[in-house]
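The primary structure of each chain is shown beneath.
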Amino acid sequence: MPAITFIHPDGKSERVETASGESAMQAATRHGLDGILAECGGNAMCATCHVYVDESWLARLPAMADDEDALLDGTASERRPASRLSCQIKVTPELDGLIVRLPERQV
């Protein structure tokens, strides 16, 4: 079962096991992880599941869609080159060990 490590702004990390095909956002909310609000339920409409993907993992993710790119321009925390919406990161066995950092604010 693939796992994702979420690193909170204070440096605390939480490792969450997830099923293949589930989004990183779904895994976070299913485990009650603080820092992912997911107000739109994963429909790429709100950007409250914004994360910073660890640089070593960026190239392994699929290309960003135009709607995700547009939403990231309106995030509550600074948009960075490693910014992604966790609802758009579908977990596969190849992403086992993925590391993402949570921003200071989602709203």
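Shown above is the structure to which this text applies.
Starting afresh in each chain, residues are numbered from 1 along the sequence in its written order. In keeping with the predicted nature of the model, local features appear solely for residues at pLDDT of at least 70, side-chain atom pairs appear and are counted solely at 80 or more, and the whole-chain, interface and lining totals rest on all residues. Water and hydrogen atoms play no part in the side-chain values, which are based on all heavy atoms of the structure.

Residue-level account of the environment of arginine 80, with values.
With respect to the helices and strands, the residue arginine 80 is situated in the loop between helix H3 (66-72) and strand E4 (83-85). Each C-alpha atom of the pair arginine 80 and valine 53 lies 9.7 Å from the other, and the pair is 27 residues apart in sequence. Helix numbering and strand numbering both begin at the N terminus, where a helix is a DSSP run of H or I of at least 4 residues and a strand a DSSP run of E of at least 2.

Outline the pattern of salt bridges, listing residues and values.
Salt bridge criterion: a side-chain nitrogen from Lys or Arg within 4 Å of a carboxyl oxygen from Asp or Glu. Using the criterion set out here, one finds eight salt bridges in the structure. As a salt-bridge pair, arginine 30 and glutamate 22 come within 2.8 Å of each other at their nearest N and O atoms. One continuous salt-bridge network, built from bridges that share partners, spans Asp69, Asp73 and Arg79.

Kindly report on the state of the cysteines, identifying the contributing residues and their values.
Disulfide: a pair of cysteine sulfur atoms within 2.5 Å of each other. Taken as a whole and assessed by the stated rule, the structure comprises zero disulfides. You can see cysteine 46 has no disulfide; the closest cysteine sulfur is in cysteine 40, sitting 3.6 Å from it. When a residue's accessible area, from a 1.4 Å probe over protein chains only, is under 20% of the maximum for its type it is buried; when over 50% it is exposed; and in between it is partly exposed. On the accessibility criterion, cysteine 46 (25% relative accessible area) is partly exposed. The thiol of cysteine 49 is unpaired, and the distance to the nearest cysteine sulfur, on cysteine 87, comes to 3.7 Å. Take cysteine 49: its relative accessible area is 3%, and that puts it in the buried class.

So what's going on with the sheet that holds strand E1 (residues 3-7)? Which residues, and what values?
Adjacent strands of a sheet pair through backbone hydrogen bonds, lying either parallel or antiparallel. Note: two strands are recorded as paired if DSSP finds a minimum of 2 bridges between them. If you trace the five strands from one edge of the open sheet to the other, you get E2-E1-E5-E3-E4, paired in mixed fashion. Taken across any chain shown, the strands that pair with only one partner, and hence form the sheet edges, are strand E2 (13-17) and E4. If you compare each strand with its neighbour and ignore which way they point, the axes differ by 35° on average. Across four bridges, E1 lies against strand E5 (residues 98-101) in parallel orientation. Looking across to E5, one finds that isoleucine 7 is bridged to arginine 101. Think of each axis as a best-fit line through the C-alpha atoms, taken over the contacting stretch in the case of a helix, with angles from 0 to 180 degrees between the N-to-C directions.

Could you give an account of the pairing of strand E3 (residues 50-53), with specific residues and numbers?
Residue alternation in E3 divides its side chains into two sets, His50 and Tyr52 and Val51 and Val53, and both sets are buried. Pairing of E3 with E4, which is carried by three bridges, proceeds in the antiparallel orientation. By the bridge assignment, histidine 50 is partnered in E4 with leucine 85. The pairing of E3 with E5 spans two bridges and is classified as antiparallel. Among the inter-strand pairings, valine 53 is bridged to a residue of E5, identified as valine 100.

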